[in-house]
Each structure stands twice: as C-alpha cells, then as structure tokens.
Amino acid sequence: KVKGDLFAALAGQALPGAQIDDLLVAGECAGLRWTRGEETGLSLLRFEGELLVQSWSAARHNGGGPWPNAGVTAEVVPLAIKRAAADRSSTHATMERYFAIRADVSRADELREMFREPMVVHGPGPTRVENLDEFVVRVKSEKDADPLLAFRADGVLCAGDRALLRWSYLKGEAVDAAGLTLYALDGAVVG
C-alpha cells in the first residue's frame, strides 16, 4: 500500500510550516515540491518506517517565479497515490537515457528528442523559457569549458509521470555543485 498520507504527514514534520505542493512516493522515499513563506523548493526524503533517515533539499526565493500547477495541495496525496500505482518503467527508461547522454556529451543532440521545445525551467533563479538548441549546446560544451567537470546522477525517484533527480557536478573527485530537479514527463518527452 502506498503511504501517501503518512509521507505527507512526515514531510510536514520534516519541513515545518511548509505547504506541500506536489508529492511523489516510491518505496521508502518521498519527493516534494513545497512552499514556505518566501521560499519554494524541492526535497527528497528517505524513511525507514516512520523515521526520516536522509533528506536533501534545494530552496529558492519565491521571486524566482511560479512553479507549474501551484496550489494543488488538496489533491497532492490522491495524486501521489495514483502516480505511485502507475507504471513507472517509461519514466525510469527516459531518465536512464538522459543519464547516459549526460555521461557522454557527444550524444547531446539526442536531447532534442527528449525535451519539449521550448523548455520551461523553474530554477535555479527565475522561471524562464530556454531554447532547446541552447540547452544542447550548453551540454555539449561542458567538457570543453572544464574537462574535469562531470555530471553524476546521484539518485532518481520515479512515480508515474514525474521524476525527481538528485544530481552533482564533480570536478575530479570533489563535488562542485549539487541539486535537485523535478521533471514532468509526457510519455518519453520531458515537458
């Protein structure tokens, strides 16, 4: 049985005063999009039973612009349960393909098949529309800009048509940057 109600309650305890705007549940993990005061953010939580054992969060100021589908709070738990019961194999396969492309930036042109044009990016910084060609060029040029820089997928939570990715950029063995990204998929296309 999906623990949507339990995870929503536990997430509320982990993020006191936060409104849960979106919830993903898979196994012992919960992914959240939340709002608290002037901040919005993403969190990935891992539980053992009812005990929170790991938490990763990425916050941004509300001035960054709106999240998509804001204000669905009343439907969060039923939607999380529906997504958790849905087949996630297509979402997981799409994310695995994305990781493979990011690991081999010479394949960056394949990203055009995977993302809707234009891309709407909800952070970091203000919500913006990004041209898909610009994204592909940026990914292709990562190794040229810094040969030691490498993208690493540290974990992914897939639930129905959503995926929450915990990622890092490594410079050699050291973590240069890290974050969370929430993907909404329509079939095998991020959009």
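Residues numbered from 1 in each chain as written. Predicted model: local features only at pLDDT ≥ 70, side-chain atom pairs only at ≥ 80, totals over all residues. Heavy atoms only, no water.

(A) Quick look at the pattern of salt bridges. Applying the stated criterion across every chain yields a total of 16 salt bridges. In this structure, Arg116 and Asp186 form a salt bridge, with 3.1 Å as the shortest nitrogen-oxygen distance. Residue Arg116 is found in the loop between α4 (111-114) and β5 (119-121), and its partner Asp186 is found in strand β9 (residues 174-186); the two are separated by 70 residues along the sequence. The partner of Arg138 in a salt bridge is Glu130, and the shortest N-O contact between them spans 2.5 Å. One continuous salt-bridge network, built from bridges that share partners, spans Asp22, Arg83, Asp161 and Arg162. (Salt bridge = Lys/Arg side-chain N within 4 Å of Asp/Glu carboxyl O. Helix = DSSP H or I, 4+ residues; strand = E, 2+ residues; numbered from the N terminus.)

(B) Fine view of the side chain of Arg166. Mapped onto the elements of the fold, Arg166 is located in strand β8 (residues 162-171). We note that Arg166 is buried and unpaired, the nearest opposite charge coming from Asp154 at a distance of 4.1 Å. What Arg166 contacts, discounting residues up to four positions off in sequence, is Leu44, Trp56, Arg152, Ala153, Asp154, Gly155, Gly179 and Leu180. (Buried < 20%, exposed > 50% of the residue type's maximum accessible area, 1.4 Å probe, protein only. Lys, Arg positive; Asp, Glu negative; His and termini not counted. Contact = heavy atoms within 4.5 Å.)

(C) Seen up close, the side chain of Glu130. Within the secondary structure layout, Glu130 lies in strand β6 (residues 128-130). Here the side chain of Glu130 touches Arg138 through a polar contact of 2.5 Å, side chain to side chain. Ignoring sequence-local partners within four residues, the contact set of Glu130 consists of Pro118, Met119, Val121, Phe135 and Arg138. (Polar contact = N/O pair within 3.5 Å; in protein donor to acceptor, adjacent residues only side chain to side chain.)

(D) Seen up close, the packing of aromatic side chains. The final tally for this structure, using the stated rule, is seven aromatic pairs. Taken together, a centroid distance of 6.3 Å and an interplanar angle of 55° make the contact between Tyr98 and Phe99 tilted. Judged by centre distance (5.7 Å) and plane angle (65°), the rings of Tyr98 and Phe115 are edge-to-face. Here Tyr98 is found in helix α3 (residues 89-103), whereas its partner Phe115 is found in the loop between α4 and β5, with 17 residues between them in sequence. The pair Tyr98 / Phe115 is uniform in exposure class, with both members buried. Clustering of aromatic rings is evident, with ring pairs tying together Tyr98, Phe99, Phe115, Phe135, Phe151, Trp167, Tyr169 and Tyr183. (Phe/Tyr/Trp six-rings, centres within 6.5 Å; stacked < 30°, edge-to-face > 60°.)

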